[in-house]
Amino acid sequence: MRLLFTGFNAFGQHEFVSGDVDSAAGFREINAPVSDQNQCTISVGWGYSAVASGRKLYLRGLLDSEPNESVTLEALDNIKALSAGDSNCLVLLQSGQLYRVQPKLNAELLAVRLESPPHPNAGTKRSIFGTAKEPQPPIVEHIACGTHINVAISSENAVYSIPSCLHQFPGRQFRVKQLECGNEHAVLLNGNGDVFTWGNGLRGQLGQAVLKVEETPQLVEALAGIKITHISAGGWHSAGISAFGDLYTWGLNCSGQLGMRVMKPGGLLKEPTVYPLPQLHDLPECGCTKSGENECAPLQVVAGSRHTLLVRACGRLWVSGWSWHGQLGKPVGSEFVDAFQALGGICLDTNTDRVLCGAWATLLYLGKR
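How each quantity is defined
Residues numbered from 1 in each chain as written. Predicted model: local features only at pLDDT ≥ 70, side-chain atom pairs only at ≥ 80, totals over all residues. Heavy atoms only, no water. Core = buried A, V, L, I, M, F, W, Y, C linked by side-chain atoms within 4.5 Å. Buried < 20%, exposed > 50% of the residue type's maximum accessible area, 1.4 Å probe, protein only. Helix = DSSP H or I, 4+ residues; strand = E, 2+ residues; numbered from the N terminus. Contact = heavy atoms within 4.5 Å. Pairing = 2+ DSSP bridges. Axes fitted to C-alpha atoms, helices over the stretch in contact; angles between N-to-C directions. Phe/Tyr/Trp six-rings, centres within 6.5 Å; stacked < 30°, edge-to-face > 60°.

Trainee: Would you mind going over the nonpolar core with me for this structure?
Mentor: Nonpolar side chains tend to gather and get buried jointly when the protein is soluble and globular. Ranked by internal contacts, the top residues of the largest apolar core, which has 18 residues, are Leu57, Leu59, Ile79, Leu82, Cys89, Val91 and Val101. Listing elements by their share of this core, those giving two or more residues are strand S4 (48-53), strand S5 (56-61), strand S6 (69-74), strand S7 (79-84), strand S8 (89-93) and strand S9 (98-101). Contacts of Ile79, omitting those with residues within four sequence positions, involve Thr41, Ala52, Gly54, Arg55, Lys56, Leu57, Val91, Leu92, Leu93 and Gln94. Membership of the second largest hydrophobic core comes to 17 residues, among which are Leu4, Phe27, Val337 and Leu343.

Printed below as a string of structure tokens:
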């Protein structure tokens with residue numbers, strides 16, 4: 001297994017293996033504690049990176065005052081998920097316990113105590129004598145955080161703006177499939193393919209007709225009736241892919257991160273900068289060696305602060321958005337790309353490989369070859 005990186009690395013967030021691994025695509029291999037025995041989990045913050053393998057947590061970057069600083073911590077159980085924000089990193093254990101750690105040299109794992117939901121979906125548990133038992137701490141299943149937002153979802157479908165419970169989806173039938181956070185907003189996908197958003201929507205990132213702040217999860221009505229299979233949240237934009245293989249993006253498009261033109265033909269007038277409602281994309285032909293429309297349909301979408309990457313079913317990687325720090329891979333000859341284009345030199349195994357984004361960076365997690 002290998003990790004390939006491109007983008008902003010001024011604080012030594014990643015230590016490179018000597019030599020370019022894939023010069024055609026602009027990615028370089030980084031040293032990371034990946035192994036076949038333990039699942040590797042990684043999250044890329046702006047000034048540091050967080051990598052977990054088994055019970056070990058590794059932080060590297062600008063932790064106190066110098067680049068290339070690093071610290072290693074050990075959790076009480078294997079680490080299930082990480083989410084690296086600017087000022088703290090959320091750490092979720094396999095047991096469902098949630099911890100928070102500040103990216104500092106004297107970092108320590110601090111347990112997060114979440115308040116109980118006002119109306120738990122599970123009935124009150126009682127002893128054999130009929131007395132009510134003390135409620136157990138919530139078991140966390142999903143985490144995500146951004147610059148100004150920290151979110152957790154419990155096994156009882158309670159939504160937390162950590163540590164406060166702000167909403168609870170009713171019924172056991174509701175199943176959270178995916179949770180993502182931008183700088184100031186959150187996007188949630190449930191098992192039925194419905195998309196919910198909340199947080200700051202003043203840049204259209206919530207997919208709602210009215211630009212405003214939503215305190216609790218709201219259904220994206222424009223996508224109602226369309227089964228969404230994958231979502232992503234960038235800095236101030238969002239994206240989703242439907243079961244039919246259609247790509248939708250919405251929110252801020254200042255650098256072409258929606259895959260939509262910034263300037264009108266002729267280059268004198270600007271297109272709209274904010275698209276509040278999801279925009280359906282008519283993607284160009286893939287041009288790969290595989291034939292058939294479904295073999296090149298959009299499969300996954302991931303987003304950084306102002307860039308977006310699309311994985312098609314054939315394994316090709318398509319990119320759009322801000323490219324100043326090389327986060328789109330090879331040099332594109334301009335400050336941004338405002339239409340999705342294929343990234344040459346990369347073909348992913350969609351069964352084992354993953355694509356991750358930091359604010360100004362992109363990382364490829366390559367499985368066994």
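Trainee: It is not clear to me how the sheet that holds strand S24 (residues 307-312) should be interpreted in this structure. Could you clarify?
Mentor: Pairing in this open sheet of 4 strands is antiparallel, and the strands run S23-S24-S25-S26 from one edge to the other. With one partner strand each, in any of the chains shown, strand S23 (298-303) and strand S26 (336-347) form the two edges of the open sheet. On average, adjacent strands in this sheet sit at an angle of 20 degrees to one another, irrespective of strand direction. Looking at chain direction, S23 and S24 are connected through 5 bridges and run antiparallel. Along S24, the bridge assignment pairs Pro298 with Arg312.

Trainee: Please explain the packing of aromatic side chains as it appears in this structure.
Mentor: A ring pair, where both rings are aromatic, is described by two values, the distance of the centres and the angle of the planes. All chains considered together, the criterion is met by 10 aromatic pairs. For the pair Phe11 and Trp46, a centre-to-centre distance of 5.3 Å together with 75 degrees between the ring planes defines the contact as edge-to-face. Within this pair, whereas Phe11 is found in the loop between strand S1 (2-7) and strand S2 (28-29), its partner Trp46 is found in the loop between strand S3 (40-44) and S4, the two being separated by 35 residues in sequence. Overall, Trp46 belongs to the partly exposed group, its relative accessible area being 36%.

That is the geometry; function is a separate question.
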